[in-house]
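Here is what each chain is made of, one letter per residue.
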Amino acid sequence: MATSTTSLNVPSLNPKLSSSLSISSTPQFSVSSLNLRTHGRGTRRFIVLATAGLDAKPTVLVAEKLGAAGLDLLKEFANVDCSYNLSPEELNTKISLCDALIVRSGTKVSREVFESSGGRLKVVGRAGVGIDNVDLAAATEHGCLVVNAPTANTVAAAEHGIALLAAMARNVAQADASVKAGKWLRNKYVGVSLVGKTLAVMGFGKVGTEVARRAKGLGMHVIAHDPYAPADRARAIGVELVTFDEAIATADFISLHMPLTPTTSKMLNDETFGKMKKGVRIVNVARGGVIDEEALVRALDSGIVAQAALDVFTKEPPSPESKLVQHENVIVTPHLGASTVEAQEGVAIEIAEAVVGALKGELAATAVNAPMVPAEVLSELKPYVILAEKLGRLAVQLVTGGSGVKSVKVTYASARAPDDLDTRVLRAMITKGIIEPISSVFVNLVNADFAAKQRGVRITEERIVLDGSPEAPLESIQVQIANVESKFASAISDTGEIRVEGRVKDGVPHLTRVGSFEVDVSLEGSIILCRQVDQPGMIGKVGSILGQENVNVSFMSVGRIAPRKQAVMAIGVDDQPSKQSLQRIGEIPAIEEFVFLKL
Ligand SMILES: NC(=O)C1=CN([C@@H]2O[C@H](COP(=O)(O)OP(=O)(O)OC[C@H]3O[C@@H](n4cnc5c(N)ncnc54)[C@H](O)[C@@H]3O)[C@@H](O)[C@H]2O)C=CC1
Ligand SMILES: O=C(O)C(=O)COP(=O)(O)O
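Note that the structure is predicted; figures quoted are calculated from it, not measured. (Residues numbered from 1 in each chain as written. Chains lettered and ligands numbered in written order. Predicted model: local features only at pLDDT ≥ 70, side-chain atom pairs only at ≥ 80, totals over all residues. Heavy atoms only, no water.)

> Describe in detail the overall build of the chain, supporting the description with residues and values.
Assigned secondary structure in the chain consists of 19 helices and 26 strands. Among the 599 residues that make up the chain, the fraction classed as buried is 54%. Looking at the chain alone, contacts between residues at least 24 apart form 68% of all its contacts between residues at least 6 apart. (Helix = DSSP H or I, 4+ residues; strand = E, 2+ residues; numbered from the N terminus. Buried < 20%, exposed > 50% of the residue type's maximum accessible area, 1.4 Å probe, protein only. Contact = heavy atoms within 4.5 Å.)

> Which residues make up the nonpolar core, and what values go with them?
Formed by 55 residues in total, the largest nonpolar core has its most connected members in Leu-398, Val-408, Ile-477, Leu-511 and Leu-529. Excluding its chain neighbours within four sequence positions, the residues that come into contact with Ile-477 are Tyr-384, Leu-387, Ala-388, Leu-391, Val-410, Thr-411, Tyr-412, Ile-430, Val-500, Glu-501 and Gly-502. Counting residues in hydrophobic clusters, the runner-up holds 32 residues, among them Ala-200, Ala-251, Met-267 and Ala-295. (Core = buried A, V, L, I, M, F, W, Y, C linked by side-chain atoms within 4.5 Å.)

> Got a sec to walk through the site of ligand 2? Specific residues and values, please.
With respect to spatial proximity, the complete set of residues near ligand 2 consists of Arg-104, Ser-105, Arg-126, Ala-127, Gly-128, Val-129, Gly-130, Asn-153, Arg-287, His-335 and Ala-338. Within the contact set of ligand 2, an oxygen atom lies 2.7 Å away from a backbone nitrogen or oxygen of Gly-130. In the environment of ligand 2, an oxygen atom lies 2.7 Å from a nitrogen or oxygen atom belonging to the side chain of His-335. Coverage of ligand 2 by the protein amounts to 90% of the 310 Å² it exposes when considered alone. (Near = heavy atom within 4 Å. Polar contact = N/O pair within 3.5 Å; in protein donor to acceptor, adjacent residues only side chain to side chain. Areas by Shrake-Rupley, 256 points an atom, 1.4 Å probe, with all protein chains shown as cover.)

> Before we move on, could you go through the pattern of salt bridges and cite the residues and values that matter?
On inspection of all chains with the given rule, the structure shows 28 salt bridges. Glu-380 is the salt-bridge partner of Arg-416, the closest N and O atoms lying 2.8 Å from each other. With a gap of 36 residues between them, Arg-416 in the loop between strand S17 (407–414) and helix H16 (424–435) and Glu-380 in helix H15 (residues 375–397) connect regions that are remote in the sequence. Between Arg-427 and Asp-449 there is a salt bridge, with the nearest N and O atoms lying 2.9 Å from each other. You can see Arg-427 sitting in helix H16 and its partner Asp-449 sitting in helix H17 (residues 448–454), a full 22 residues away along the chain. On the basis of relative accessibility, which here comes to 19%, the residue Arg-427 falls in the buried class. Given the relative accessible area of 42%, Asp-449 is considered partly exposed. Among the ionic contacts, a cluster of salt bridges with common partners joins Glu-475, Glu-501, Arg-503, Arg-513 and Glu-518. (Salt bridge = Lys/Arg side-chain N within 4 Å of Asp/Glu carboxyl O.)

> An account of the pairing of strand S5 (residues 59–62) is requested, with residue identities and associated values reported.
As a general feature of sheets, a regular strand has side chains that alternate between the two faces. In S5, alternate side chains face the same way, and those of Thr-59 and Leu-61 on one face and Val-60 and Val-62 on the other are all buried. Note on the crossover from S5 through helix H2 (residues 68–77) to strand S6 (residues 79–82): the handedness is right-handed. The sheet contact formed by S5 and strand S7 (residues 100–103) spans three bridges and is parallel. What sits directly across from Val-62, in S7, is Ile-102. (Right-handed = clockwise from strand over helix to strand, strands pointing away. Pairing = 2+ DSSP bridges.)

> Describe the sheet that holds strand S11 (residues 221–225), listing the residues and the values that go with them.
An order of S12-S11-S10-S13-S14-S15-S16 is seen for the seven strands of this open sheet, with the pairing classed as parallel. The sheet is open, and its two edges are formed by strand S12 (240–241) and strand S16 (330–332), each paired on a single side. Along the sheet face, helix H12 (residues 293–302) touches strand S15 (305–310) and S16 and points at about 140° away from the line of S15. (Axes fitted to C-alpha atoms, helices over the stretch in contact; angles between N-to-C directions.)

> Explain the site of ligand 1 to me, and be specific about the residues and the numbers.
Close contacts around ligand 1 come from 25 residues, with Lys-206, Val-207, Asp-226, Val-285 and Asp-311 the closest. In this structure, Val-285 approaches ligand 1 through a main-chain N or O atom, which is 2.9 Å from a nitrogen atom. Ala-338 is positioned such that a nitrogen or oxygen atom in its backbone is 3.1 Å from an oxygen atom of ligand 1. Protein contact buries 87% of the 860 Å² of open area that ligand 1 shows by itself. Of the residues assigned to the shell around ligand 1, the class counts are 13 nonpolar, eight polar and four charged. (Nonpolar A, V, L, I, M, F, W, Y, C, P; charged D, E, K, R; others polar.)

> For the packing of helix H18 (residues 538–548) against helix H19 (residues 579–587), give the residues involved together with the corresponding values.
Taken N-terminus to C-terminus, the directions of H18 and H19 make an angle of 165°; their axes are 10 Å apart at the nearest point. If you check the angle between H18 and H19, you find them roughly antiparallel. Of the two elements, H18 crosses H19, and the hand of that crossing is right-handed. Packed against H18, whose contacting residues are Val-542, Ile-545, Leu-546 and Gln-548, the element H19 presents Ser-581, Arg-584 and Ile-585 at the interface. Taken together, the residues of the contact of H18 with H19 break down into four nonpolar, two polar and one charged. (Parallel < 35°, antiparallel > 145°, perpendicular 65-115°, else oblique. Left-handed = near helix turned anticlockwise from the far one by under 90°.)

> Describe helix H8 (residues 206–217), naming the residues involved and giving the relevant values.
Along an α-helix, a turn takes 3.6 residues, which lines up residues three or four apart on a common side. Here H8 spans 17 Å end to end across twelve residues, near enough to the 16 Å set by a 1.5 Å rise per residue. Residues of H8 that are buried include every one of Val-207, Gly-208, Thr-209, Glu-210, Val-211, Ala-212 and Ala-215, and no others. Considering only its buried residues, H8 is in contact with helix H6 (154–169), strand S10 (198–202), S11, helix H9 (231–236) and strand S13 (253–256). Looking one or two residues beyond H8, the residue adopting positive phi is Gly-219, at roughly 85°. (Expected span 1.5 Å × (residues − 1).)

> Talk me through the packing of H6 against H8; I want residue IDs and the actual numbers.
One can describe the packing of H6 onto H8 by two numbers: an axis separation of 8 Å at closest approach and a directional angle of 50°. When the axis of H6 is compared with that of H8, the two are oblique. As for how H6 packs across H8, the hand of that crossing is right-handed. When H6 is examined against H8, the residues Thr-154, Val-155, Ala-157, Ala-158, Glu-159 and Ile-162 are found in contact with a partner set consisting of Lys-206, Val-207, Glu-210, Val-211, Arg-214 and Ala-215. Classifying every residue of the contact of H6 with H8 by side-chain character gives seven nonpolar, one polar and four charged.

> Tell me what's going on with the sheet that holds S5, and back it up with residues and numbers.
Read across the open sheet, the five strands follow the order S6-S5-S7-S8-S9; overall the sheet is parallel. The open sheet has two edge strands with one neighbour each: S6 and strand S9 (145–148). In this sheet, adjacent strand axes meet at a mean angle of 20° when their direction is disregarded. Strands in contact with H2 are S5, S6 and S7; relative to S6, the strand with the most contacts, it is inclined by about 140°. Relative to the sheet, helix H14 (residues 341–360) contacts S5, S7, strand S8 (123–126) and S9, its axis offset from that of S8 by approximately 170°.

> Please give an account of the confidence of the model for the chain that cites residues and values.
Predicted coordinates in areas of low pLDDT are best not read in detail. Counting all residues, the mean pLDDT for the chain is 87, and 89% of those residues have values of 70 or more. Scored below 50 in pLDDT, residues 1–54 shows 159 contacts in the model against residues more than four places distant or in partner chains. Both confidence scores are given for the complex: pTM 0.77, ipTM 0.99. (pLDDT = per-residue confidence, 0-100.)

> Go over H19, please, and point to the residues and values.
Those residues of H19 lying buried are Ser-581, Leu-582 and Ile-585. Projected down its long axis, H19 carries its buried residues within an arc of 100°, all on one side. Of the exposed residues in H19, the ones pointing more than 90 degrees away from its buried face are Lys-579, Gln-580 and Glu-587. Check the buried side of H19 and you find it contacts strand S23 (526–533), H18 and strand S26 (591–598). (Arc of directions from axis to C-beta.)

> How would you sum up the pairing of strand S19 (residues 476–482)? Please name residues and give values.
Counting buried positions over the seven residues of S19 gives seven, a clear majority of the element. Of the two faces of S19, the one holding Ser-476, Gln-478, Gln-480 and Ala-482 and the one holding Ile-477, Val-479 and Ile-481 are both buried throughout. Pairing between S17 and S19: seven bridges, direction antiparallel. Residue pairing in the sheet places Thr-411 in a bridge with Gln-478 of S19. Here S19 runs beside strand S20 (residues 498–505); their pairing, made up of five bridges, is antiparallel. In the sheet register, Ile-481 faces S20, and the bridge partner there is Ile-498.

In C-alpha cells, the structure reads:
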C-alpha cells in the first residue's frame, strides 16, 4: 500500500496547536509534531486528533482475536496486551491502563468502559464495520476517537450472504445433517431455484452492492431499498432502487445489509412480515437486531416466511434452546460473515494502521465520531486553526466573570465559495478556545460540539463571500459573544456584542479588531489591551513600565477613532507582567481601562 508522509514544519506549528489538537494528554505523551498522512487508498478524508512525540510506548489492549499482520504492526509502536474473553468488570479494570482498545463484534464498549478509563483511553478501534457494540455518544463525550475498518471485510460478508442464500434455497445444511445421521431423503430436500427470482437487497452500501452484483451473476432480478443510496450507483449495475414497502412486497428473497441503528432496529416485525409475499426467504448477515426475532418465528410458523438463513442474532451467542435457531426452516452460522483468512488479515492491518496513526497524531481516515477533513485542506487551514482557537480564548476572557456565554457567532470572510471552505475544524477550535478557559474540560475535535451543547453554548456560523482572488482560504475570522458584559468595555461593538477579529498575515495569526477598534498585534505570547485618549507618549509610558520588569514587548499597535480621540492600544508581550506592573499601567492617568489576556 502506497503511503506518503508529509511532516509539517514542526517548529512553525505552535505547540499550543499541538496540544489543542491532542486527545486527552497523559504524562506519557509529549507534543511535538503534527503529521499529515496520505493513504494510497481511494478515499482521502482525515482528521487530526493528536500530536505526540512519544517518550514511552502507549498500551493497546486487543480484546478479541486479531490477524497476525495487524498485531505485528501494533507491536512496532506500542505495548500490546492481547486479553481475550474479558468479563465487563475485567475490561473496566484493565482499561485505565490503556491508550487504545481494539475490539470486534463480541465486546461491548459501554459507557462504563469510557468512565473507567479515567481519560487515558484515546482511541477505540473496531476491527470490522458495525460499531453498534460501541457507545459512540459516550466515546464522544469523553473525547475518545472511534475508528473502524470499513472496507477489508466487505467481500467476505457479501460472499457469506451468497453462500447462505444458495445453501438455504437448496437445503444444504439440513440435507447434510440428515445424510450424516444415516438418512437419504432425496424427496424431502427438494429446493427452489434462484434464477429469475427477485432479490431485494435492503441496505445498498458496500456489502449490499457486492451481494447485488453476485446475485445478478446468478441470474436473479435484483431490486434494492436504501434511503441514502444514489439511484445512479444502483442503475450502473442494473439494480432498481425502490421503496421499503415495494421491496418487501415483491421479493422472493430478502437480504439484509443495513447497519443496526435506532431506525433499523426490528425493521422486520409482525407488521412488515405481514406485507411480504407468502413464502419469502430471508438472509441476514447484517445484525440480528434488525429483525424482531419472535416475530420471525411466528412468520416462519405461519408460512409467510418459508426459510431464513441467519449469521447474526440479537443476543450472541443465542440461547441453544432458541426457537429460531432450532426451527427446521432456519439455517444458522455463528457470525462468520467477516471470517475469512483474507478478510481478517485485511481488517487487522486496516485497524492497526488507523489506531497507530491516531495515537501518533496522524489523521484518521476512518473516524466514526469526528469530522473528517482532507489532509490538503487541513494543511492549508493550519494557521487559521491557531487563529480560531486564540480568538475564542481572547473573546471569552473579555467576558465579565468569564462565564454566562450562551450565544457565539462566528463570521468567516473569504473569497472562496461557501462549499469550498470546510469550517468544522475552525468551529471546533473556537469552541475549544471558548470553553477551556472557563471549565476543566479538555476539548478536542471529537467532543467540541458536545462540550458546547453541554454548556448551553450555541455557536452559529456565517459566511461572507468576498470578491477577489480565492487563493487564501480565509480573509478574516470574527468571533462575537452576545448578551454578556465585558470587563473591557471597548471590546463591545456598536451592535452590543463582544467582538474580536483576526487574520493570518505571512502565516502568522494576528488580532486585527477589538470591538469597533482596528488594531494589529500578532497572536503570540499574551496581550494587554488599553483604552486611552490618544496622545503622544503613551506607547513609551507603557513600554517603560514593562521594560523595567524585563517583560519583552513583541508588538504594539494603536487603533483610534480619530486623532486625539479614544484609542485602543494592543501590546503583545512575551512574558507575563507582574500584578504591580499591570497596576502601574492602569494608574497611568490617560488610560481609562485595560485588560491582560493570556493566549
Ligand atoms: N456478518 C458479518 O460478519 C458482517 C456484518 N456486517 C454488517 O453489515 C452492515 C453493512 O456493512 P457495509 O455494507 O460495509 O456498510 P455500509 O455503511 O457501506 O452500508 C450500509 C448501508 O445501509 C444503508 N441504510 C442505512 N439505513 C437504512 C435503512 N433504514 N434502510 C435501508 N438501508 C439503510 C446505508 O445508507 C448504507 O448504504 C454493517 O453495518 C454490519 O452491521 C458487515 C460486515 C461483516
Ligand atoms: O464487521 C462487521 O460489522 C462484522 O459484523 C464482523 O464482525 P466480527 O469482526 O467478525 O466480530
